[in-house]
Amino acid sequence: MAWLCSMPAFSQTDTTTEDNKKVTLTIGAVYANDVSYYGLKAEERMPYIAASASLRLPFGLYFTGTGYRLLNDSGRVVSASSAGIGFAFNLSKKLTADLSYSHTFFPEHSPFLQAANPDNASASLKYEYWMTTGVNADYHFGKQQDVFVTLSTEKQINLGSLFKGKDLITLTPLIEVTGGTQRFYQTYVREKLLRDSLLGILPLPGIGNPADTESGSAISTTTQFNLLSYNLRVPLAYNRSHYMIEAACQLSVLGPKAETGAGKLNSFFNFSVYYQF
């Protein structure tokens with residue numbers, strides 16, 4: 001979604017100034033083999049497809065919307081949907097800022113790890129030089145309240161063109177380190193046990209009973225600000241003037257106090273297509 005809000009049309013010449021003076025609409029479709037929540041994931045694997053759209057106005061205001069369909073969710077056509085608004089602006093020639101708010105509509109007893117916090121207020125800064133370095137702060141709230149801070153750095157590598165400058169192939173490795181609280185996990189455990197009890201499923205290893213999540217030690221762990229994950233994302237993209245096709249792999253090593261599996265290595269893959277009008 002962050003890419004949707006900032007995507008400039010690719011051209012052999014610099015069109016950034018021109019693009020910033022017009023309204024742009026970007027639509028996209030995504031397939032992912034699992035849901036990533038800052039590199040964390042739920043106990044059950046949740047592959048999904050999603051459709052998204054972003055409308056950006058010339059002065060930096062933008063609106064976003066996304067619909068998600070879990071491929072193992074046979075009971076619903078739309079497993080979750082979100083809507084957001086944001087404002088991006090330049091602080092200097094190389095420093096940009098972004099403020100945004102979004103709300104995600106989760107159904108009752110949703111299997112999403114983040115379902116306890118449907119609202120998200122976000123602020124970010126990015127500095128672009130040889131590499132693009134940024135810091136992003138998220139405040140998620142709803143049934144619980146959690147704060148996340150992500151430090152990132154990325155470098156776009158141009159791999160050349162297939163059609164004499166009319167396209168561009170890029171590789172953009174991204175490294176992120178995320179820290180935050182994990183109150184959302186208390187609600188996730190309760191909802192997971194409730195869903196399983198309704199289906200007659202025994203609890204999975206690593207998922208305790210609700211009483212465990214109310215203990216002093218568990219509450220202390222989930223309310224403390226801890227290192228959650230180290231993330232490496234490597235997207236390979238094919239860019240034309242109005243569309244982009246991207247395949248991306250992500251590896252996430254969880255921190256020592258991550259509730260979903262300390263020290264665990266998670267892997268994610270997604271394939272996406274975006275078109276900008």
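For the structure itself, consult the block above.
Residues numbered from 1 in each chain as written. Predicted model: local features only at pLDDT ≥ 70, side-chain atom pairs only at ≥ 80, totals over all residues. Heavy atoms only, no water.

(A) Layout of the overall build of the chain. Counting secondary structure elements, the chain contains 5 helices and 14 strands. Here the chain, with 277 residues, has 41% of them falling under the buried criterion. Long-range pairs, those at least 24 residues apart, make up 55% of the contacts in the chain with a sequence separation of at least 6. When the accessible surface of the chain is totalled, it reaches about 14500 Å², and 63% of it is carbon and sulfur. (Helix = DSSP H or I, 4+ residues; strand = E, 2+ residues; numbered from the N terminus. Buried < 20%, exposed > 50% of the residue type's maximum accessible area, 1.4 Å probe, protein only. Contact = heavy atoms within 4.5 Å. Areas by Shrake-Rupley, 256 points an atom, 1.4 Å probe, with all protein chains shown as cover.)

(B) Quick peek at the environment of G84. Relative to the elements of secondary structure, G84 occurs in strand β4 (residues 80-90). Along the primary structure G84 and G65 are separated by 19 residues, whereas in three dimensions their C-alpha atoms are 6.3 Å apart. Excluding residues that lie within four positions of it along the chain, G84 makes contacts with Y62, F63, T64, Y101 and S102.

(C) Geometry of the packing of aromatic side chains. This model, assessed by the stated rule, comprises 13 aromatic pairs. Relative to F141, the ring of Y139 lies with its centre 5.0 Å away and its plane at 20°, an arrangement referred to as stacked. Taking the relative accessible area as the measure of exposure, F141 reaches 26% and is therefore partly exposed. Ring centres of Y238 and Y243 lie 6.5 Å apart, and the angle between their planes is 45°; this geometry places the pair in the tilted category. Judged by relative accessible area, which is 29%, Y243 ranks as partly exposed. Here a set of aromatic residues connected by ring pairs shows up, and it is made of Y37, Y38, F148 and F184. (Phe/Tyr/Trp six-rings, centres within 6.5 Å; stacked < 30°, edge-to-face > 60°.)

(D) The pairing of strand β6 (residues 119-128), seen in detail. Strand direction decides the pairing type here: strand β5 (residues 95-105) and β6, joined by 9 bridges, are antiparallel. Along β6, the bridge assignment pairs D98 with S124. Here 10 bridges tie β6 to strand β7 (residues 132-141), and the two strands are oriented antiparallel to one another. When the bridges of β7 are listed, A121 appears paired with Y139. Taking the residues that link successive antiparallel strands as the turn, the β6-β7 hairpin has 3 residues. (Pairing = 2+ DSSP bridges.)

(E) Summary view of a nonpolar patch on the surface. On the surface, L91, L125, V135, L151, I175, V177, Y230, L232, V234, L251, V253 and L265 cluster together to form a nonpolar patch covering roughly 970 Å² of accessible area. A per-element tally of the nonpolar patch places strand β12 (residues 226-239) first, with 3 residues. Structurally, V234 is set in strand β12. By relative accessible area, which is 31% here, V234 ends up partly exposed. (Patch = residues over 30% accessible without salt bridge, like charges linked within 9 Å, V, L, I, M, F, W, Y side chains within 5 Å. Salt bridge = Lys/Arg side-chain N within 4 Å of Asp/Glu carboxyl O.)

(F) Structural context of unusual backbone geometry. In this model, Y38 sits at a positive phi of 60°, which is unusual for a non-glycine residue. Considering the arrangement of structural elements, one finds Y38 in the loop between β1 (24-32) and β2 (48-56).

(G) Main features of the nonpolar core. With 27 residues, the main nonpolar core has L40, L113 and F184 as its most contacted residues. For this core, the elements supplying multiple residues, two or more each, are β1, β2, α3 (184-199), β12 and β13 (243-254). Element by element, the count of residues in this core is highest for α3, at 5 residues. For F184, the residues in contact, after removing those within four places along its chain, are Y37, L40, L113, A116, N117, Q144, D146 and F148. (Core = buried A, V, L, I, M, F, W, Y, C linked by side-chain atoms within 4.5 Å.)

(H) Geometry of the side chain of S152. Within the element layout of this structure, S152 appears in strand β8 (residues 145-154). Here S152 falls in the buried class, since its relative accessible area comes to 16%. Residues in contact with S152, not counting those within four places in the same chain, are T132, T133, G134, L174, I175 and E176.

(I) Up close: the pattern of salt bridges. In the structure shown here, the tally under the stated rule is 3 salt bridges. A salt bridge links K41 to D34; the nearest nitrogen and oxygen atoms lie 3.8 Å apart. D34 shares its class with K41; the two are buried. Its salt-bridge partner being R233, residue E246 comes within 3.4 Å of it at the nearest N-O pair. Placement of the pair is E246 in strand β13 and R233 in strand β12, with a sequence separation of 13 residues.

(J) Local environment of the environment of G134. Along the chain, G134 falls in strand β7. C-alpha separation for the pair G134 and L95, spaced 39 residues apart in sequence, amounts to 9.4 Å. Leaving out residues up to four positions away in the same chain, G134 has contacts with L125, K126, T150, L151 and S152.

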